[in-house]
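Each chain, letter by letter, is given below.
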Amino acid sequence: MSVRDYSPSHYDFQENLGLHACLDYVNRPNPTWVHVTGLHEVEKIAGISKVFEIPELFVEDILSTNGRAKVEILEGAIFVQLKVFEGKSELNFQQLYLNHEIVATFAEGPSVIFDPIAKRLENVQGRLRGKGTGYLLWAILDSVIDHAIASADILEQNLLEVDELIQEDHTAVSAADLYSQKHEITSMLHLVRPNREI
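Model, not experiment: these values are computed from the prediction.

Looking only at helices and strands, the protein chain features six helices and seven strands. In sequence order, the secondary structure elements of the protein chain are arranged as β-β-α-β-α-α-β-β-β-β-α-α-α. Out of the 198 residues belonging to the protein chain, those deemed buried represent 42%. Put simply, 54% of the contacts in the protein chain that link residues at least 6 apart link residues at least 24 apart.

Before going further, it helps to spend a moment on the nonpolar core. Judged by nonpolar contacts, the single largest core of 23 residues is most densely connected at Phe52, Ile54 and Phe106. Sorting the residues of this core by element identifies strand S3 (32-37), helix H2 (42-51), helix H3 (56-63), strand S5 (77-87), strand S6 (90-98) and strand S7 (102-107) as the ones contributing at least two each. If near-sequence neighbours (up to four positions away) are discounted, Phe52 is found in contact with Cys22, Tyr25, Val26, Val34, Asn99, Glu101 and Ile102.

The next thing to look at is the pairing of S7. Two faces belong to every sheet, and in a regular strand the side chains alternate between them. Of all six residues making up S7, six are buried, and the element is well covered by its neighbours. Across the two faces of S7 the burial is the same, with Ile102, Ala104 and Phe106 and Val103, Thr105 and Ala107 all buried. The pairing of S3 with S7 spans six bridges and is parallel. Within S7, the residue paired with Trp33 across the bridge is Val103.

With that settled, consider helix H5 (residues 133-168). In this model H5 runs 53 Å from its N-terminal to its C-terminal C-alpha over 36 residues, within 8% of the 52 Å that 1.5 Å per residue would give. For H5, the set of buried residues is Thr133, Leu136, Leu137, Ala139, Ile140, Ser143, Val144, His147, Ala148, Ser151, Leu155 and Val162.

Our next topic: the side chain of Arg4. Locating Arg4 in the fold gives a position in strand S1 (residues 2-7). The charged side chain of Arg4 is buried without a salt bridge, its nearest counter-charge being Glu122 at 5.1 Å. One polar contact links Arg4 to Tyr11, side chain to side chain, over a distance of 3.0 Å. Among all residues touching Arg4, those that are not within four sequence positions of it are Tyr11, Asp12, Phe13, Pro31, Thr32, Trp33, Ala118 and Leu121.

What counts and what doesn't
- Positions within a chain are numbered from 1, following the residues in the order the chain's sequence is written.
- Only residues with pLDDT of at least 70 are given local features in this predicted model, and only at 80 or more are side-chain atom pairs given and counted; all residues enter the totals for whole chains, interfaces and linings.
- Only hydrogens and water are set aside; all other atoms, that is, all heavy atoms of the structure, feed into the side-chain values.
- Labels follow the DSSP assignment, with helices taken as runs of H or I lasting at least four residues and strands as runs of E lasting at least two, numbered in each case from the N terminus.
- For each residue, the accessible area found with a 1.4 Å probe, counting protein chains only, is set against the maximum for its type, and the residue is called buried under 20%, exposed over 50%, and partly exposed in between.
- Contacts are residue-level and defined by heavy atoms, with any inter-residue pair within 4.5 Å sufficient.
- To define a nonpolar core, start from buried Ala, Val, Leu, Ile, Met, Phe, Trp, Tyr and Cys residues and group those joined through side-chain atoms within 4.5 Å.
- At least two DSSP bridges between two strands are required for those strands to pair.
- In this analysis, the expected span of each helix is defined as 1.5 Å times one less than the number of residues it contains.
- In this tally, Lys and Arg are treated as positive and Asp and Glu as negative; His is ignored, and so are the chain termini.
- Salt bridge, as used here: a side-chain nitrogen of Lys or Arg that lies within 4 Å of a carboxyl oxygen of Asp or Glu.
- In protein, a polar contact requires one atom able to donate a hydrogen and another able to accept it; more generally it is a pair of N or O atoms within 3.5 Å, and residues adjacent in sequence count only if both atoms are side-chain atoms.

Laid out in structure tokens, this is it:
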């Protein structure tokens, strides 16, 4: 678990925090971003949810990787759930929770999707440092969309390369290669389409 607490003049980043250390970040005047990797760690997620008062309804969704993309608003909080295409048919389930003091992100596995946001928070002159949790949530969702577009561009480039090979010599591409390309495109479409509802 990592925590980033920030303001225009302050940036605090802590990694591999235990549950008790999170108590230091409750009711702070600055926006705080809590990130948890590993949805299988039920006790850790339940503890974090209790510390930051995440509604039980959302905790059930966080622990389940079978849900569809959705946005829910409850008691002044926003919960976003989506699946992210990581490339080569890999998916990563992401949930984001926002209230007036924190953004909590929960990821099924490691991902590079949040790296651009972390870099922006490190920049003392960046706009993100002066904004609240709502802007942080928007920036994270924007990063997810940017990642999906970049993944689509890679798939398109791969498809163009296969097409050129076929044009030069139709025996240069095997049926297995074509099936692999088709499978990646189909997998991405299945993930991205439901995210449009958000």
